Amino acid sequence: MKKLIAPIITLLLSTNSFAALLSPEGNTEKVEKVTLSAAATVNIEGENLKLSSVGAGLRAKKVVFVNVKVYVGQLFVASPETFKKSEAEALGSLKDQKAVAIQLHFLRDVDADNVQKSFKEALKANGIDTEDASLKQFLDSVSKGGEAKEGKALSILGAKLKDGSEAIYYETTGGSLSEIKGPAGFTEKIFAIWLGKPADDGVAHLKKSLLKK
């Protein structure tokens, strides 16, 4: 009996580990043949919360004078009515969001080191200390998360918790999930990667697309 129970428990644990962070609802436009969702539901501290899509766009990277398509990014917020779609105010307006998420639909395989490098460059472009404990833990999760696979989505959710702190949930394209806790303002620091000062022209183009009215 013990020999029979053990595989069943292993199977259940494996299934739970691949539960999606974002549960999509409805379809909207297509960008680079990626079908995007109109909304998504997340569970934060036992409470289901609906997030609305507020924008999407292509993230390209210049490699030896050629623009390479990397991923389609889609931004979700809990309260679209308080999200400010201007390049100067978008990041700061996240203070009024209970939760915000970005989903990156990869158009090519990208190894973990390059995903981490891209995020780190964007954080540094915004003057954010990547050696801060919470930021370092986030970047370590990215590094350990493995390769971002073509045709799969990577999700990052930032949420305000009941105790006044904030958490970043990082789900790899393989389905593994990490939770990193930080102080108030932690979510804003992470989302500066896309909504802050662009680290390169590719991020600048994506930011404009995310904030297109």
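S.K.: Teacher, can you tell me more about the overall build of the chain here?
M.R.: Counting its secondary structure elements, the chain contains 5 helices and 8 strands. In sequence order, the chain lays out its α and β elements as α-β-β-β-β-β-α-α-β-β-β-α-α. Its C-alpha radius of gyration of 17 Å places the chain within 12% of the 17 Å reference for a compact globule of 213 residues. When its C-alpha atoms are laid out on the principal axes, the chain stretches across 60 × 40 × 40 Å. Per-residue burial for the chain yields a buried fraction of 45% across its 213 residues. Long-range contacts, defined as pairs at least 24 residues apart, comprise 59% of the intrachain contacts of the chain with a sequence gap of at least 6. Accessible area of the chain: about 11200 Å², with a carbon and sulfur share of 53%. Taking the average place of the 30 positive charges on the side chains of the chain and the average place of its 26 negative ones, the gap between the two points comes to 3 Å.

S.K.: Would you explain the confidence of the model for the chain in this entry?
M.R.: When pLDDT is low, close inspection of the predicted coordinates is not appropriate. The predicted model of the chain averages 91 in pLDDT, with 91% of residues at 70 or higher. Predicted confidence for residues 1-18 stays below pLDDT 50, and this span has 4 contacts to residues more than four positions away or in other chains.

Basis of the calculations
- Residues numbered from 1 in each chain as written.
- Predicted model: local features only at pLDDT ≥ 70, side-chain atom pairs only at ≥ 80, totals over all residues.
- Heavy atoms only, no water.
- Helix = DSSP H or I, 4+ residues; strand = E, 2+ residues; numbered from the N terminus.
- Rg over C-alpha atoms; globule rule 2.2 N^0.38 Å.
- Buried < 20%, exposed > 50% of the residue type's maximum accessible area, 1.4 Å probe, protein only.
- Contact = heavy atoms within 4.5 Å.
- Areas by Shrake-Rupley, 256 points an atom, 1.4 Å probe, with all protein chains shown as cover.
- Lys, Arg positive; Asp, Glu negative; His and termini not counted.
- Charge placed at Lys NZ, Arg CZ, Asp CG, Glu CD.
- pLDDT = per-residue confidence, 0-100.

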